[in-house]
Amino acid sequence: MDAGIKKDSLRKLSFGNQVAEEEREALKGYFVKTQAWDRINNGEIDIIYGPKGAGKSALYFLIQESVSDFFDRRVLLIPAENPQGAPAFRDLETNPPTSEREFIAIWKLYFLSLLGRTFDEYGIDNQFGQELRSALVTHKLLPDKRTGLGSVLASVRRYISIALKPESLETGLKVEPNSGLPTGVTAKIVFREPAIDEHADGYQSIDELLALASSALEAAAYDVWFTIDRLDVAFNDSSELEKNAIRALFRAYRDMRSHTRISLKIFLRTDIWKRVTEEGFSEATHLSRDMHIKWNKQSLQNLILRRLLSNADLVRNFDIDQNEILNSSSKQDELFARLFPEQVELGEKQSTTLDWLLKRTADGSKESQPRDIILFLNKVCEVQSQRLERGEDEPPDDLLFDRASFKEALPALSEYRVSRVLFAEYAELRSYIEALREDKTEQNVASLARRWKTTEEESLRIARKLRDVGFFEERTSAGETTFWVPFVYRPYLAMVQGKVDDINSSD
């Protein structure tokens, strides 16, 4: 290869953005349609779980980018949360709903308002659609296409506050005792099933209006999918609000399952779901239309190579046949071996580069996620380019990277994982993590109790919280429980490989 070509290729090389919101246009080029995607695309899956960085938002954006394809199948997509920018549900933190009943009503009426707008947009004006529209217009709950989701939610919230808390109305307004709404308002929306005489007076329940919407869609031969992502961002300042909101969402999902023309597609982090259900949640036993995003060694290597092959200069300079590579797993192995060093740390018992990469990016769950791998490999590119710019020798043959570049890039990922993930999302655990700075990487309950100045019982509770967020891997050997810090967190915390002195060393 001519001098300078590798340097030029590296300077332009990118593995993409680790945040799906920032690379919407490029996602289609990276994406491979798997059986899991087919099940989502065909409507068989409603709930997609995955760890942070596993690719939930990428799937969400790929669905949104396929809006025309879905429309051709008579499926209308309705985003129920802003894909970027301020979350629609952010303002709930200042005055949160006081009961689960109120939160369920918020979700259902919010969906109804968005359905009404969608019916206007797509001309669904049959008898059922007109009746729904009339009810929404009467109560000023029909947004136009310019109304932001936050404003739609604010209108819904105000209506429900009046209906459930009539004392919040301005002084001088008279309230009907049955509905809790101002006198003179007809076609009243209530949050229970109205009695026969109440029906005659114009009361309608939210569930009846959802049934109307479903009938309108049936008559028009359309389906509607509400897509819901970024729940971690919407409620990240209040774990209690997050738990109440998501429990209410799943109860609304349960109630709406009978309306087969209306589907909720919920993208949710596994750690959040665990927090929501840790005290018990009976609805969880009835969820069957769900899937968990999982990555293995082969799928992650495929992801790495697909992102590499999106670099046109690299493909041209290295004379790579993209189709040949992507259609053969053995060719992918060969290309990885051609471009990456065989090992980062030399030795007969040392890992291959791919295994080293997966171990160094995994958290306490022993799983690596695409977001961390992409961030890390972009840093490797940056480090290697800087080495060549300083006049250091190019890696031999067609190798893109020196072994040393991998080690030099690791602290950047470690800082990101500790300071921008753990500290940012779990501030209450920061002091316990900081207390282990420059300490050994494997601790037991007694050693943690000394470092944290707590009882052993309390230390075990804290350690298991840290395990649940991925900072620790819990191990058991010779009857003793220990807590091991994964490689990804060690550089930033300057931790030292090894066990504390009072851990049994029989293993």
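Small disclaimer: the values here were computed from a predicted structure and weren't measured.

## Points about the overall build of the protein chain
Okay, step 1: When its secondary structure is counted, the protein chain shows 24 helices and 11 strands.
Okay, step 2: Taken over 507 residues, the protein chain has a buried fraction of 51%.
Okay, step 3: When contacts within the protein chain are restricted to residue pairs at least 6 apart in sequence, long-range pairs at least 24 apart make up 70% of them.
Okay, step 4: When the accessible surface of the protein chain is split by element, carbon and sulfur atoms take 45% of a total near 23,800 Å².

## Here we look at the nonpolar core
Okay, step 1: Formed by 66 residues in total, the largest nonpolar core has its most connected members in Tyr110, Phe111, Leu115, Phe226 and Phe250.
Okay, step 2: At 12 residues, helix α6 (residues 100-122) tops the list of elements feeding residues into this core.
Okay, step 3: In terms of nonpolar packing, the next biggest core, distinct from the first, is built from 62 residues, Ile373, Phe406, Leu413 and Leu448 among them.

## Concerning the confidence of the model for the protein chain
Okay, step 1: With 88% of its residues at a pLDDT of 70 or more, the protein chain has an overall mean of 87.
Okay, step 2: For residues 166-173, every residue scores under 50 in pLDDT, and the model assigns this stretch 9 contacts once sequence neighbours within four places are set aside.

## Comments concerning the pattern of salt bridges
Okay, step 1: If you walk through the whole model with that rule in mind, you get 46 salt bridges.
Okay, step 2: For Asp439, the salt bridge identified is with Arg451, shortest N-O distance 2.3 Å. One end of the pair, Asp439, is in the loop between α21 (430-434) and β8 (440-444); the other, Arg451, is in helix α22 (residues 445-452), with 12 residues separating them in the sequence.
Okay, step 3: A relative accessible area of 14% places Asp439 in the buried class.
Okay, step 4: The class for Arg451 is partly exposed, based on a relative accessible area of 27%.
Okay, step 5: One continuous salt-bridge network, built from bridges that share partners, spans Lys52, Asp232, Glu242, Arg269, Asp271, Arg275 and Glu425.

## Side note on helix α7 (residues 127-138)
For an α-helix the count is 3.6 residues per turn, leaving residues at separations of three or four pointing the same way.
Okay, step 1: For α7, with 12 residues, the first-to-last C-alpha span of 17 Å sits near the 16 Å given by 1.5 Å per residue.
Okay, step 2: Every buried residue of α7 is accounted for by Gly129, Leu132, Ala135 and Leu136. Around the axis of α7, the buried residues are gathered within 125 degrees of arc, so they sit on the same side.
Okay, step 3: In this fold, the buried residues of α7 make contact with α6, β3 (189-190), β4 (204-205) and α10 (206-220).
Okay, step 4: Once α7 ends, the next one or two residues include Lys140, with phi positive near 55 degrees.

## Remarks on the sheet that holds strand β10 (residues 480-484)
Backbone hydrogen bonds are what pair the strands of a sheet, in a parallel or an antiparallel way.
Okay, step 1: Strand order across the open sheet formed by 4 strands is β9-β10-β8-β11, with mixed pairing between neighbours. Looking at the sheet topology across the chains shown, the edges are occupied by β9 (473-477) and β11 (496-499). Strand-to-strand twist of the sheet, defined as the mean angle between neighbouring strand axes without regard to direction, takes the value 30 degrees.
Okay, step 2: Looking at chain direction, β9 and β10 are connected through 5 bridges and run antiparallel.

## A short note on the packing of helix α14 (residues 297-308) against helix α18 (residues 353-361)
Okay, step 1: The geometry of α14 relative to α18 is characterised by a closest axis approach of 11 Å and an angle of 100 degrees between their N-to-C directions. Between α14 and α18, the crossing angle belongs to the class labelled roughly perpendicular. On the side of α14, the interface is formed by Lys297, Leu300, Gln301 and Ile304, while α18 contributes Leu354, Asp355, Leu357 and Leu358.

About the thresholds
Residues numbered from 1 in each chain as written. Predicted model: local features only at pLDDT ≥ 70, side-chain atom pairs only at ≥ 80, totals over all residues. Heavy atoms only, no water. Helix = DSSP H or I, 4+ residues; strand = E, 2+ residues; numbered from the N terminus. Buried < 20%, exposed > 50% of the residue type's maximum accessible area, 1.4 Å probe, protein only. Contact = heavy atoms within 4.5 Å. Areas by Shrake-Rupley, 256 points an atom, 1.4 Å probe, with all protein chains shown as cover. Core = buried A, V, L, I, M, F, W, Y, C linked by side-chain atoms within 4.5 Å. pLDDT = per-residue confidence, 0-100. Salt bridge = Lys/Arg side-chain N within 4 Å of Asp/Glu carboxyl O. Expected span 1.5 Å × (residues − 1). Arc of directions from axis to C-beta. Pairing = 2+ DSSP bridges. Axes fitted to C-alpha atoms, helices over the stretch in contact; angles between N-to-C directions. Parallel < 35°, antiparallel > 145°, perpendicular 65-115°, else oblique.

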